[in-house]
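What follows is the residue order along each chain.
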Amino acid sequence: METNSQTEVGQKQKGNGSGEPLIRLEALTKVFYTEEVETHALSGVHLDIRKGEYLSISGPSGCGKSTLLSIIGLLDSPTGGKYWLGGTPVENLNLSDRSRIRNREVGFIFQSFNLIGDLTVYENVELPLTYRGMPSAERKKRVMDSLERVGMAHRVRHYPSQLSGGQQQRVAVARALAGSPAILLADEPTGNLDSKNGEAVMDLLKELHKEGATICMVTHDPRYARNADRTVHLFDGRIVDEQDHRAHVEEEEPPAN
Amino acid sequence: MTSLIQDLKYGLRMLTKNPGFTAVAVLTLALGIGANTAIFSVVNGLVFRNLPVPRPGKLVSFGFMCKGNPGIPATSYADLQDARHQGAKWVDLFAYRMGTDGLTVGDQTDRIATSYVTGNFFSGLGVQPALGRLILPSEGKPGGSDPIIVLSYSFWKSRFGGDPSIVGRSVRLDGKPLTVVGIAQKGFRGAWSLADIQAFVPLNVSEGPSFPWTDRTMRNLFVLGRLRPGVALSRADAAVQVIASRLAHEHPKSDPGATAWLLPERDASLTPFPKPGEFHRQVASFVFFLALALLVLLLACFNLANMLLVRATARAHEMAVRSALGAGRGRLAGQALTESFLLAIFGCGAGIVVAVWVSNLLQSIQINAGMNFRLNFGFDARVFLYATCAAVLAAILIGLVPALRAARANPSEVLHESGRTATGAKSRLRSFFVVGQTAGSVVLLIVAGLFMRGLIAVEHMDLGFNPDHLFKANMDPHEAGYKKAQAQQFYSHLLDRMRAIPGVKSASLALLYPSNAVMAYMMPVEAKGHAIPAGSAAPTIEANIVSPDYFKTMQIPIVRGRPFLDSDTATSSKVAVVNQTLARRLWPKDDPLGESFSISGPNGPWVKVVGIARNSTYLSIASKPIPYFYLPVSQNYQSYETLLVRTVGHSRAVMRSAESAVHSLAPGVPVWGVRTMRQTLDRSLAGFHALWLVSMLTVTLGLLGLMLAVLGVYGVISYNVSRRTKEFGIRIALGARPRDIQRIVFRQALILLTIGITVGLAAALAMSRVMAHVLRGVSAHDPLTYASVTLLIAGVTLLACYIPARRATKVDPMVALRYE
């Protein structure tokens, strides 16, 4: 019965919203092979993410959230199925093209920040732009704009170890923003933060979304999941449920006169 | 470009952030690259350096030999003239020989190395004068008188302070008045790159009017040539072969079966009289030592590769982050390689400092060889290129695996917190490096051990004479202008004086002393009644000219007959003492005593054998027994002599008395080389010095190899202990005792060691055939060396592993279980 409901969710996804989605996944599968074990991490996922949408993905440990995020972020390739990014099929790209598109179209925010300890705040934010071969002057402008945006411009010369967890995550957000990506992918962005810093980062994401950013976030925390427009629930590699929070919000908060 | 600058900046930051790692890495590379570059600078200085003349590639060495005479391929003046005229179309031949003379300017006499040259010597080489003029092609001919001398630039600077007024001044060379006509160009010190020639004189200055210019058996010239424009070496070589055949036909008595050849001048870098193929054999022995040095570099690289692999594992997550942010494979690999190259650049810089120091040390070695040697191991473009190539090789070796690992960074790992521990493949690679290091180290130590054992064996071998309580001093009254009668009287008085000194057992004179490989006295020998076969030349045999007490002084037993006596005078019948090998060779079936031989052709005069001396060591202690004979000083006058004195006890006190005796008897006669025979052997390349140098070199390389292997095994075991901390914690929590844990650690070390030592022993055995060519006094399979090395490397390495093994036993289960 799960298969049917999943398919329905998938069907519904495809029909949701107007225009061509930014991301479209069709019957996506991912199987990990070891010497004796075959693990089906994703089993036929159908998902559309529209431009400007804020989507959260939730589910228990081992349900395939991170694997799904890996594939959406082109960190990994699917075993089967179709994946369109901005209308372009990307499921069979080679490593070099995946790196290039990842660098230009995707901004990552990780649970453990993943700042490089031996680079300064400035250099960490600059890093994806250098891989893009961007001229120095433009890099500088973008880095400073991003750091201003997250309120970390005053710490450009600091190293990650000299920052608090919340500050590190803001730098990570700045790094994700600097390249003006098509989508921001956040993997448990508050997982390593205390509640105060976690709130601050979530507020930042909310603001970015209001400004038009497309965000896809994996989270365990239902409070933060509700910040999103929509939440999809994964279980055993399948999307088993979906909640549209916008309708909920509209119901709870009647439009102001 | 921006990427490269960023990678360089980041690489530098990473290196400065880990100063301990960087220092160890740079030092490791410095030792590896330094050892290689130092050895190459020696090879370069000895083998590859060209003469400082225009177009040195067009210079050739001319060799001439006759059938049945395998001696030195030197050429007689008469044969040179014929070859020169007949081969003028292809090559311009010119000749020289070398010697030492006393140069007197005012009241001061200096012993100098002199080159006696044909008139076209300088024009053929293309050397220009720095001042005045050089010897002209019209000079130096037989019958001519050209009392001129040209000084080398460095001698002019050091002896005369660069005073230009020396040109035109009169000087005396061995008493002969000569005029200084010029100074040779800066940097030119003679036609043999190893000799430091201080003056050049025309050939007819040394070979006076009585010299047998037309005697084709008087082969004493080293011949070089310059190929004519457009003539290939092979073409000119074919021409001189034809010329030699013609000479053999025209002069069957003196030049039977004559052959000649041309070789690139470079082949004459180690010896001024090279034979075909000899240069390549000499280079092969250098290649052996270069290969040992390369092995050290390889071990250093294995060591560093291991360290970088550990770092790469630790930085796998960073590489995954970079990959996730869009870095391509090439960019990631490039960054890893940049760090390796930075290490290699620093290692190369430090290695060059090490190499310069070692080269200077080697260059400063005093070679006791009877004439001035110039070892120039300086750094030229070729040495720097070699050091650079070694650094690039090192960078690739140490950086390749980490670069490939970086390029394979899995970006999806950034979403997982695990995956930081080493995989089995990585551990296997590290183990491979350790096995390689151990095996290489075993090879190096075995080579070092064999050379050390060889040195000890040679030092204790029977030399055929007793080198203890014996000293020598060299002198040449001719250099102070003494005539024959004066010199003979001086030597006679000197021997009387020496015998009167308390503590002197006996004293004698000899032209040559053991291990003086530079000076040789060789004569064609024909036994009376044993005609030389048609088409063959009389064999050239080495000889010495000695005074009556020589055999007593050297303690060389006369096995039959008698030594020379005072009654063997210039007017008595000519006599000789032969050694056992020559006796067997010339008279294999007859009693040599009373037999005669000639050193002046088939018609005599004849020299009668009065004694047979036991075989001894002569020019080189490393040589096998050779045929040899002795002639008495009284019948064969030589101005240059070596005073040999045997003392009752230590020689040092008597040495001073000997020097004083010479100075009081003949104040102007220079005395040099006053040393005990042990010192002489120890400092002579033909004695123990070469073996000692090679032994020290191999021991140094062996110890470097051992250090690197121990570090490598220690590093891997230590890393594995830290990687298995949790496992050890669990084991201890489950009741494992310290010795159980130590057994696990040592087991791994023992497995690696056993494989490494086995591979190393097999490699050393496989190399034994090559080693047999360079070893003296010991078998290349010497079981004691193999066993000692095995025990040494196993012992030292296991001792080093005790530290991580002990650490493993100290793991706190509670801490360990929270590990990671």
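Quick caveat: nothing in here was measured; it's all calculated off a predicted structure.

1. Re the side chain of Gln 198 of chain B
In step 1: Looking at where Gln 198 of chain B falls in the secondary structure, it is placed in the loop between strand E8 (176–184) and strand E9 (199–202).
In step 2: In terms of polar contacts, Gln 198 of chain B uses its side chain to reach the backbone amide nitrogen of Ala 113 of chain B, at 2.8 Å.

2. Some remarks on the nonpolar core
Residues and elements named next belong to chain B.
In step 1: Among the nonpolar cores identified, the biggest contains 78 residues, and Leu 46, Tyr 96, Phe 121, Phe 122, Leu 125, Phe 188 and Phe 200 are the most heavily contacted of them.
In step 2: Tallying contributions element by element places helix H8 (residues 278–314) first for this core, with 12 residues.
In step 3: Phe 188 has contacts with Pro 52, Val 53, Phe 121, Phe 122, Leu 125, Val 127, Ser 152 and Phe 200, leaving out every residue within four places of it along the chain.

3. Concerning the pattern of salt bridges
All names here are of chain B.
In step 1: Applying the stated criterion across every chain yields a total of 39 salt bridges over all chains.
In step 2: Put simply, Glu 339 and Arg 315 hold a salt bridge, and the shortest N to O gap is 2.9 Å. Residue Glu 339 is located in helix H10 (residues 329–363), and its partner Arg 315 is located in the loop between H8 and helix H9 (316–324); the two are separated by 24 residues in the primary sequence. Pair check on accessibility: Glu 339 and Arg 315 agree, each one buried.
In step 3: The salt bridge involving Asp 740 is made with Arg 737; its shortest N-O contact spans 3.2 Å.
In step 4: A relative accessible area of 42% places Arg 737 in the partly exposed class.
In step 5: Through salt bridges with shared partners, a single ionic network connects Arg 311, Arg 315, Glu 318, Arg 322 and Glu 339.

4. A word on the interface of chain A and chain B
Where interface size is quoted, it is often the accessible area lost as the parts come together.
In step 1: Contacts between the two partners involve 27 residues from chain A, matched on the other side by 26 residues from chain B.
In step 2: Between chain A and chain B the total buried area reaches about 2,200 Å² when both faces are included, carbon and sulfur atoms providing 55% of it.
In step 3: The largest contributions to the chain A side of the interface with chain B come from Leu 75, Asp 118 and Tyr 131 of chain A, which together make up 29% of the buried area.
In step 4: Inspection of the chain A/chain B interface yields two salt bridges.
In step 5: The interface formed by chain A and chain B includes eight residue pairs in polar contact (both at pLDDT 80 or more).
In step 6: Breaking the side of chain A that touches chain B down by element, the ones donating at least two residues are helix H2 (65–72), helix H3 (95–105) and helix H4 (121–131) of chain A.
In step 7: The leading source of residues in the side of chain A that touches chain B is H4 of chain A, at six residues.
In step 8: Its residues assigned to classes, the side of chain A that touches chain B comprises 11 nonpolar, eight polar and eight charged.

5. A look at the sheet that holds strand E9 (residues 230–235) of chain A
All names here are of chain A.
In step 1: Across the sheet, six strands lie side by side as E6-E7-E8-E3-E9-E10; this open sheet has mixed pairing. In this open sheet, the two edge strands, each paired with only one partner strand, are strand E6 (106–109) and strand E10 (238–244). Each strand of the sheet is rotated relative to its neighbour by a mean of 20°, with strand direction disregarded.
In step 2: Note that E6 and strand E7 (residues 183–187) share four bridges and pair parallel. Across the sheet, the residue bridging to Gly 107 is Leu 184, located in E7.
In step 3: Contacting E6 and E7, helix H6 (residues 165–178) crosses the sheet at an angle of about 175° to E6.
In step 4: Those strands touched by helix H7 (residues 195–210) are strand E3 (54–58), E6, E7 and strand E8 (215–218), and its axis lies near 155° from that of E8.

6. Notes on the packing of aromatic side chains
All names here are of chain B.
In step 1: Across all of its chains, the model carries 33 aromatic pairs over all chains by this definition.
In step 2: With 4.8 Å between their ring centres and 80° between their planes, Tyr 77 and Trp 213 make a pair best called edge-to-face. Of this pair, Tyr 77 sits in helix H3 (residues 77–86) while Trp 213 sits in the loop between helix H6 (203–206) and strand E10 (219–227), placing them 136 residues apart in sequence. With respect to class, Tyr 77 is no different from Trp 213; both count as buried.

7. Re the sheet that holds strand E1 (residues 23–33) of chain A
Residue and element names in this part refer to chain A.
In step 1: The strand order E2-E1-E4-E5 describes an open sheet built from four strands, whose pairing is antiparallel. Strand pairing shows two members of the sheet lacking a second neighbour, strand E2 (38–49) and strand E5 (88–89), which therefore form its edges.
In step 2: Sheet analysis places E1 next to E2, joined by nine bridges and oriented antiparallel. Bridge pairing in E2 places Ile 23 opposite Ile 49.

8. Some words on the packing of H8 of chain B against helix H18 (residues 689–723) of chain B
All names here are of chain B.
In step 1: Put simply, H8 and H18 touch, their axes get as near as 10 Å, and they point 15° apart. Between H8 and H18, the interaxial angle falls into the category roughly parallel. Remark: the crossing between H8 and H18 carries left-handed chirality. Of the residues in H18, those touching H8 at Phe 289, Leu 292, Ala 293, Val 296, Leu 299, Ala 300, Asn 303, Asn 306, Val 310 and Thr 313 are Val 694, Leu 697, Thr 698, Leu 701, Leu 704, Gly 705, Leu 708, Leu 711, Gly 712, Val 716 and Tyr 719.
In step 2: Classifying every residue of the contact of H8 with H18 by side-chain character gives 15 nonpolar, six polar and no charged.

9. Brief notes about the confidence of the model for chain A
All names here are of chain A.
In step 1: Looking at chain A as a whole, the pLDDT averages 84, with 88% of positions reaching at least 70.
In step 2: The spread of mean pLDDT over the elements of chain A runs between helix H1 (residues 2–15), the lowest at 32, and strand E4 (residues 80–85), the highest at 94.
In step 3: Confidence drops under a pLDDT of 50 for residues 1–18, and excluding neighbours within four residues, the segment shows 25 contacts in the predicted structure.

10. A closer look at unusual backbone geometry
In step 1: Despite not being glycine, Phe 113 of chain A has its phi angle at roughly 65°, a positive value.
In step 2: Summarising the element assignment, Phe 113 of chain A is placed in the loop between E6 and H4.
In step 3: The exposure class of Phe 113 of chain A is buried, given its relative accessible area of 9%.
In step 4: Within the chain, His 469 of chain B stands out as a residue other than glycine whose phi angle is a positive 55°.
In step 5: Looking at where His 469 of chain B falls in the secondary structure, it is placed in the loop between helix H12 (424–459) and strand E12 (470–475).

Criteria and thresholds
Residues numbered from 1 in each chain as written. Chains lettered and ligands numbered in written order. Predicted model: local features only at pLDDT ≥ 70, side-chain atom pairs only at ≥ 80, totals over all residues. Heavy atoms only, no water. Helix = DSSP H or I, 4+ residues; strand = E, 2+ residues; numbered from the N terminus. Polar contact = N/O pair within 3.5 Å; in protein donor to acceptor, adjacent residues only side chain to side chain. Core = buried A, V, L, I, M, F, W, Y, C linked by side-chain atoms within 4.5 Å. Buried < 20%, exposed > 50% of the residue type's maximum accessible area, 1.4 Å probe, protein only. Contact = heavy atoms within 4.5 Å. Salt bridge = Lys/Arg side-chain N within 4 Å of Asp/Glu carboxyl O. Buried area = accessible area lost by both parts, 1.4 Å probe. Nonpolar A, V, L, I, M, F, W, Y, C, P; charged D, E, K, R; others polar. Pairing = 2+ DSSP bridges. Axes fitted to C-alpha atoms, helices over the stretch in contact; angles between N-to-C directions. Phe/Tyr/Trp six-rings, centres within 6.5 Å; stacked < 30°, edge-to-face > 60°. Parallel < 35°, antiparallel > 145°, perpendicular 65-115°, else oblique. Left-handed = near helix turned anticlockwise from the far one by under 90°. pLDDT = per-residue confidence, 0-100.

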